[in-house]
Amino acid sequence: LAIQLIGGYLELEPFNTIAETLEALRKNSIEDAALGQDIAQQSAKSAFELSWDQLSTEARCLGCLLSLFAPAPVPWRLVVDAVKSIDDIGNLRAARPNLLRSHLLKQVNRETVQVHRLLREFFRGKIEAIDPKETFSRGVCRAVVSAASAISDNPLKQDILAFSDVSLHAE
C-alpha cells in the first residue's frame, strides 16, 4: 500500500525527484519515531501524509466521510445519501477520482468503493480537524437508516439481497 501511495504521489508531483520524495518521507518518519511507532508504521504513515498533503479539500472530506462507514465495500449511493445532509462538503464527483488516482480509495465496481483498513484509520485520525461538529457521522447514520427503512416489514428475498451491501454498515 505504501509503495502504491508513493507511486501515486510521484505521478501527482512529476517534477519532484526521488531524493526529494525520500527527504519528505524521512521528515515525517522522524516525527513518528518520536511517538514510538515502529518502522513499518512510520513508513506507511509518512506515505499517507504525503498523499494527504496533495489532496483537495473535497477529497480530504470524502476520505474522512468514507472512514465512518464499516470496513467493508461502500455502495456509492450511501455516500451520496450521506452527503445530502452535509453543507459545504464540496464536489464529490471531483473528489472521488482524486482519491482513486492517489491510491487512497479502491473502486470495487462501478457502484462500490472501499478504503483500505490502514487508510481508514488514518482518515479517522484526521476527521476531528475536518468535521469538528460530527456532521459527517450524522450524515452516514441518516443514509444507513434511510436504506434500512426502505425494507418492508415482510421483506421478499430480493429486498434482503438488495440490502445485503448495506447491512454491515447498518451494524
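Look above for the structure.
Residues numbered from 1 in each chain as written. Predicted model: local features only at pLDDT ≥ 70, side-chain atom pairs only at ≥ 80, totals over all residues. Heavy atoms only, no water.

Visitor: Would you take a moment to explain unusual backbone geometry for this structure?
Guide: Most peptide bonds take the trans configuration, and most residues that are not glycine carry a negative phi. Within the chain, His103 stands out as a residue other than glycine whose phi angle is a positive 65°. Non-glycine residue Glu134 carries a positive phi angle of around 60°. For Glu134, the position within the fold is in the loop between helix 7 (117–130) and helix 8 (135–149). (Helix = DSSP H or I, 4+ residues; strand = E, 2+ residues; numbered from the N terminus.)

Visitor: Can you help me understand the packing of helix 4 (residues 57–66) against helix 6 (residues 92–101) in this one?
Guide: The axes of two packed helices give the description: the angle between them and the distance between them. Interaxial distance between helix 4 and helix 6 falls to 8 Å at its minimum, and their mutual angle equals 80°. When the interaxial angle is binned, helix 4 and helix 6 end up roughly perpendicular. In contact with Glu58, Ala59, Leu62, Gly63 and Leu66 of helix 4, helix 6 contributes Leu92, Ala95, Arg96, Asn98 and Leu99. Looking at side-chain class alone, the contact of helix 4 with helix 6 contains 6 nonpolar, 2 polar and 2 charged residues. (Axes fitted to C-alpha atoms, helices over the stretch in contact; angles between N-to-C directions. Parallel < 35°, antiparallel > 145°, perpendicular 65-115°, else oblique. Contact = heavy atoms within 4.5 Å. Nonpolar A, V, L, I, M, F, W, Y, C, P; charged D, E, K, R; others polar.)

Visitor: Sorry, what's going on with the environment of Ala150 here?
Guide: Mapping Ala150 onto the fold places it in the loop between helix 8 and helix 9 (157–170). Each C-alpha atom, one on Ala150 and one on Phe163, is 9.0 Å from the other, the two residues being 13 residues apart in sequence.

Visitor: Just to check I follow, could you spell out helix 5 (residues 76–84) for this structure?
Guide: Since one α-helical turn is 3.6 residues long, residues separated by three or four positions face the same way. The complete set of buried residues in helix 5 reads Trp76, Leu78, Val79, Ala82 and Val83. Angularly, the buried residues of helix 5 cover 155° about the axis, an arc narrow enough to put them on a single face. (Buried < 20%, exposed > 50% of the residue type's maximum accessible area, 1.4 Å probe, protein only. Arc of directions from axis to C-beta.)

Visitor: Would you take a moment to explain the sheet that holds strand 1 (residues 74–75) for this structure?
Guide: Two pairing modes exist for strands in a sheet, parallel and antiparallel, and in both the strands are linked by backbone hydrogen bonds. The strand order across the open sheet built from 3 strands is 1-3-2, with neighbouring strands paired in antiparallel fashion. At either end of the open sheet lies a strand with only one pairing partner, and these are strand 1 and strand 2 (106–109). Summarising the sheet, strand 2 and strand 3 (residues 112–114) pair through 3 bridges and their orientation is antiparallel. Paired with Gln107 across the two strands is Val113, which belongs to strand 3. (Pairing = 2+ DSSP bridges.)

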